[in-house]
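One letter stands for each residue in the lines below.
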Amino acid sequence: MEKAQREEARWRILRALDAGRPRPVSETILLRTLQDIELPITPHGLRRELDYLRDRSLISIHGEETSTWTAELTRYGVDVVEYTINCEPGIARPRKWD
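Keep in mind that this is a model prediction, so the values were computed, not measured.

Caption draft 1: Local environment of the nonpolar core. Core analysis: the biggest nonpolar cluster contains 25 residues, and Ile 13, Leu 14, Leu 17, Leu 30, Leu 46, Leu 50 and Ile 59 have the highest contact counts within it. Counting only elements with at least two residues in this core, the list comes to α1 (3-20), α2 (27-36), α3 (43-55), β2 (59-62), β3 (70-73) and α4 (75-81). The leading source of residues in this core is α1, at 6 residues. What Leu 50 contacts, discounting residues up to four positions off in sequence, is Ile 13, Leu 30, Ile 59, Ile 61, Trp 69 and Ala 71.

This is the structure we're talking about:
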């Protein structure tokens, strides 16, 4: 994936996890969501982006010892999605329009 596509995928992952709140969302649902909007991502690529978002403290990941991961937003992830805090580079969050 190119840089712009990775950054777009990260934003879409955060939005999908926000839609699933307060429940964790499985990587299967996330992968299907990204593929439905025609972002070219593989299961391995999705896990890389989930790991990136976790390293930024935006999500938590559960079930890494199993075959299917689930993820959910942290409070920082919610704040990024809701535009209450700044979003650092690396995530293609659109500009807020009022």
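On we go from here.
Caption draft 2: The arrangement of the environment of Tyr 83 in detail. In this fold, Tyr 83 is placed in the segment after α4. Owing to a relative accessible area of 22%, Tyr 83 belongs among the partly exposed residues under this scheme. Between the alpha carbons of Tyr 83 and Lys 96 there is a distance of 7.2 Å; along the sequence they are 13 residues apart. In contact with Tyr 83, not counting residues within four places along its chain, are Trp 11, Arg 93, Pro 94, Arg 95 and Lys 96. Within the structure, the side chain of Tyr 83 is placed 2.8 Å from the backbone oxygen of Pro 94, a separation counted as a polar contact.

Caption draft 3: How the structure looks around the pattern of salt bridges. Evaluated as defined, the whole model comprises 9 salt bridges. Taking the shortest distance from any N to any O, the salt bridge between Glu 49 and Arg 10 comes out at 2.6 Å. You can see Glu 49 sitting in helix α3 and its partner Arg 10 sitting in helix α1, a full 39 residues away along the chain. When sorted by exposure, Glu 49 lands in the same class as Arg 10, which is buried.

Caption draft 4: Local environment of α3. Taking 1.5 Å per residue, 13 residues should reach 18 Å; α3 reaches 18 Å between its end C-alpha atoms and fits that length. Those residues of α3 that are buried are in contact with α1, α2, β2 and β3. Of the residues one or two after α3, Ser 57 is the one with positive phi, at around 65°.

Caption draft 5: Summary view of the environment of Ile 13. Inspection of the secondary structure assignment puts Ile 13 in helix α1. Classification of Ile 13 by relative accessible area gives buried; the value is 0%. Separated by 24 residues in the primary sequence, Ile 13 and Ile 37 place their C-alpha atoms 12 Å from one another. Apart from residues no more than four positions distant in its own chain, Ile 13 is found in contact with Leu 30, Leu 34, Leu 46, Glu 49, Leu 50 and Leu 53.

Calculation criteria
- Residues numbered from 1 in each chain as written.
- Predicted model: local features only at pLDDT ≥ 70, side-chain atom pairs only at ≥ 80, totals over all residues.
- Heavy atoms only, no water.
- Core = buried A, V, L, I, M, F, W, Y, C linked by side-chain atoms within 4.5 Å.
- Buried < 20%, exposed > 50% of the residue type's maximum accessible area, 1.4 Å probe, protein only.
- Helix = DSSP H or I, 4+ residues; strand = E, 2+ residues; numbered from the N terminus.
- Contact = heavy atoms within 4.5 Å.
- Polar contact = N/O pair within 3.5 Å; in protein donor to acceptor, adjacent residues only side chain to side chain.
- Salt bridge = Lys/Arg side-chain N within 4 Å of Asp/Glu carboxyl O.
- Expected span 1.5 Å × (residues − 1).

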